[in-house]
Amino acid sequence: MTSMSRARVARRIAAGAAYGGGGIGLAGAATVGLLLAEVQLAKRHVGNGGSGRVPVADGLYGTAYTVPDEPPLRLTMLGDSTAAGQGVHRAGQTPGALLASGLSAVAERPVELHNVALPGATSDDLDRQVALVLANPARMPDVCVIMIGANDVTRRMPPTRSVRHLAAAVRRLRTAGAEVVVGTCPDLGTIEPVQQPLRWLARRASRQLAAAQTIGVVEQGGRTVSLGDLLGPEFEANPRELFGPDHYHPSAEGYATAAMAVLPTVCAALTLWPAEEDRPDAARREGFLPVARAAAEAASEAGTEVTAAMPTGPRGPWALLKRRRRRRVAVPESEPSRPTSAPSSPSGV
């Protein structure tokens, strides 16, 4: 599917989400049914080497930067098992901990991490998760990171419904004053046990949803980062290094790769990134595009950020597409200073 075709499909899905539609399919009922069966077979491998327990990562990071009477930044993770960190054994290896540590180093302030992500969650669980986040107005997060979408594809949730729930979550969090960064649907074609031709179908469905998610998020004032291809060629080339023992969830190295793709956008949302990095670089094929086209291009290239730019243009709202540089970092060994409680851990992504 070309970028323009993907942009048209994403526009249709996002429009259906906004106006209450629900009948637009991702890759056709028959093919998605086959995909579902294949992925469910692949999921039988989950647990063959992992306990399913999610490490407790909530707590305070970067305590060396503590300044009297200056509160820490607050980071909240929402979504499914990718956001929760299922598949690793130590709190410091989860994406929330990696982002909290990285954000603390950039901001030179402590960062308080709270994770409400639920392994196995689909986008309709975001309403419950957002309610947990907003339950205490005195502890509103400065920035929320949402990672969601894989279970929506494997459980055949209509993409319009999926995007509607995600957009509503972003709107509620933005209205409450939090910045929001969404890691869009990962590429299910990288799951090791899934074979061709269903790898191609999985990739197509994942990218369609990721592009539609981007439109819905940007229209509500959030930012997105594409995780699809980030977990594509690197995972395919290094499955033993980047997948965990269950061959389904990322390993510590895989989570570090994903977290370092999201971190620059989290920093930019909090105006912590150098100003020159926010200017589009034509040499890196960055610039202002109609939001649907930007969404389609981002879905095809990992680590690509999309954020709102102009509210209207010749073809509707426009967005800024950025390909921020990613730096490979070692997985930190440090744990949170004040662990609290872990999210529950049913099976699933």
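Now for a look at the structure at hand.

**What about the overall build of the protein?**
For step 1, the next point in the chain: Looking only at helices and strands, the protein has 12 helices and 9 strands in total.
For step 2, the next point in the chain: Expressed as a percentage of its 349 residues, the buried residues of the protein come to 56%.
For step 3, the next point in the chain: Contacts spanning at least 24 positions in sequence make up 82% of the contacts within the protein whose residues lie at least 6 apart.
For step 4, the next point in the chain: Surface summary for the protein: the accessible area is close to 13900 Å², and the carbon and sulfur share equals 54%.

**Points about the environment of Arg90**
For step 1, the next point in the chain: Structurally, Arg90 is set in the loop between α3 (81-84) and α4 (95-107).
For step 2, the next point in the chain: In this structure, the C-alpha to C-alpha distance between Arg90 and Pro55, residues 35 residues apart in sequence, is 5.8 Å.

**Observations regarding the sheet that holds strand β8 (residues 304-308)**
Think of a sheet as strands paired side by side through backbone hydrogen bonds, with each pair either parallel or antiparallel.
For step 1, the next point in the chain: One open sheet holds the 9 strands; their spatial order is β1-β3-β2-β4-β5-β6-β8-β9-β7, and the pairing between them is mixed. If you trace the sheet from one side to the other, it starts and ends with β1 (59-61) and β7 (287-290), each paired once. Sheet twist, expressed as the mean angle between neighbouring strand axes with direction ignored, is 25°.
For step 2, the next point in the chain: Relative to strand β5 (residues 179-183), strand β4 (residues 143-147) runs parallel, the two being bridged by 5 bridges. Pairing of Val145 across the sheet is with Val181, part of β5.
For step 3, the next point in the chain: Lying on the sheet, helix α5 (residues 126-134) is in contact with β2 (73-79) and β4; it crosses β2 at an angle near 160°.
For step 4, the next point in the chain: The strands touched by helix α7 (residues 159-175) are β2, β4 and β5; relative to β5, the strand with the most contacts, the crossing angle is about 155°.

**Brief notes about the packing of α5 against α7**
For step 1, the next point in the chain: With their axes 9 Å apart at the nearest point, α5 and α7 run at an angle of 10° to one another. Compared by their axis directions, α5 and α7 come out roughly parallel. Contacts between α5 and α7 involve Leu126, Asp127, Val130, Ala131, Val133 and Leu134 from the first element and His165, Leu166, Ala169, Arg172 and Leu173 from the second.
For step 2, the next point in the chain: Here the residues of the contact of α5 with α7 sort into 8 nonpolar, 1 polar and 2 charged.

**A few points about the packing of α4 against helix α11 (residues 252-269)**
For step 1, the next point in the chain: Across the interface, α4 lies against α11 with an axial gap of 9 Å and an inter-helix angle of 40°. In this view, α4 runs oblique relative to α11, as classed from their interaxial angle. In the packing of α4 onto α11, the handedness of the crossing is right-handed. Counted together, Pro95, Leu98, Leu99, Gly102, Leu103 and Val106 of α4 and Tyr255, Ala256, Ala259, Met260, Val262, Leu263, Val266 and Cys267 of α11 form the full contact between these two elements.
For step 2, the next point in the chain: Tallied by class, residues from the contact of α4 with α11 come to 13 nonpolar, 1 polar and no charged.

**Quick word on the pattern of salt bridges**
For step 1, the next point in the chain: Tallied over the entire structure, the rule returns 14 salt bridges.
For step 2, the next point in the chain: Close ionic contact of Glu70 with Arg109 constitutes a salt bridge, the shortest N to O distance being 3.1 Å. In this pair, Glu70 sits in the loop between β1 and β2 while Arg109 sits in the loop between α4 and β3 (111-115), placing the two residues 39 residues apart along the sequence.
For step 3, the next point in the chain: Given a relative accessible area of 36%, Glu70 falls into the partly exposed group.
For step 4, the next point in the chain: By relative accessible area, Arg109 is classed as partly exposed at 22%.
For step 5, the next point in the chain: A salt bridge links Arg74 to Glu112; the shortest N-O distance between them is 3.8 Å. With Arg74 in strand β2 and Glu112 in strand β3, the pair connects residues that are 38 residues apart, well separated along the chain.

**Overview of helix α12 (residues 291-300)**
Side chains three or four residues apart in an α-helix point the same way, a direct result of the helix having 3.6 residues per turn.
For step 1, the next point in the chain: In terms of residue burial, α12 counts as a mostly covered element, since 8 of its 10 residues are buried.
For step 2, the next point in the chain: Regarding α12, the residues found buried are Val291, Ala292, Ala294, Ala295, Ala296, Glu297, Ala298 and Ala299.

**Details of the nonpolar core**
For step 1, the next point in the chain: Core analysis: the biggest nonpolar cluster contains 39 residues, and Leu75, Leu99, Leu103, Val145 and Val262 have the highest contact counts within it.
For step 2, the next point in the chain: In terms of residues, this core owes the most to one element, α11, which gives 12 residues.
For step 3, the next point in the chain: Leaving out residues up to four positions away in the same chain, Leu103 has contacts with Leu73, Glu108, Val111, Val143, Leu263, Val266, Cys267, Leu270 and Leu272.

**A word on α11**
For step 1, the next point in the chain: A rise of 1.5 Å per residue sets the reference length of α11, with its 18 residues, at 26 Å; its end C-alpha atoms lie 25 Å apart and thus fit the reference within 8%.
For step 2, the next point in the chain: At Val262, α11 shows its largest bend, some 30°, and a proline, Pro264, comes one to four positions later.
For step 3, the next point in the chain: Along α11, 17 of the 18 residues are buried, which leaves the element largely enclosed by surrounding structure.

**Overview of unusual backbone geometry**
Among all residues except glycine, the phi angle is most often negative; among peptide bonds, the trans geometry is most common.
For step 1, the next point in the chain: Phi at Asp69 is positive, roughly 65°, even though this residue is not glycine.
For step 2, the next point in the chain: If you trace the backbone, Asp69 turns up in the loop between β1 and β2.
For step 3, the next point in the chain: Residues other than glycine seldom take positive phi values, yet Thr271 does so here, at roughly 55°.
For step 4, the next point in the chain: Residue position: Thr271 is located in the loop between α11 and β7.

**Quick word on the side chain of Thr304**
For step 1, the next point in the chain: Tracing the backbone shows Thr304 in strand β8.
For step 2, the next point in the chain: Within the local environment of Thr304, its side chain forms a polar contact with the backbone oxygen of Glu301, the two atoms lying 2.8 Å apart.
For step 3, the next point in the chain: Residue contacts for Thr304: discarding those within four places in its chain leaves Thr224, Val225, Ser226, Ala298, Leu321, Lys322 and Arg323.

Conventions adopted
Residues numbered from 1 in each chain as written. Predicted model: local features only at pLDDT ≥ 70, side-chain atom pairs only at ≥ 80, totals over all residues. Heavy atoms only, no water. Helix = DSSP H or I, 4+ residues; strand = E, 2+ residues; numbered from the N terminus. Buried < 20%, exposed > 50% of the residue type's maximum accessible area, 1.4 Å probe, protein only. Contact = heavy atoms within 4.5 Å. Areas by Shrake-Rupley, 256 points an atom, 1.4 Å probe, with all protein chains shown as cover. Pairing = 2+ DSSP bridges. Axes fitted to C-alpha atoms, helices over the stretch in contact; angles between N-to-C directions. Parallel < 35°, antiparallel > 145°, perpendicular 65-115°, else oblique. Nonpolar A, V, L, I, M, F, W, Y, C, P; charged D, E, K, R; others polar. Left-handed = near helix turned anticlockwise from the far one by under 90°. Salt bridge = Lys/Arg side-chain N within 4 Å of Asp/Glu carboxyl O. Core = buried A, V, L, I, M, F, W, Y, C linked by side-chain atoms within 4.5 Å. Expected span 1.5 Å × (residues − 1). Bend = angle between axes of the 7 residues up to and from the residue. Polar contact = N/O pair within 3.5 Å; in protein donor to acceptor, adjacent residues only side chain to side chain.

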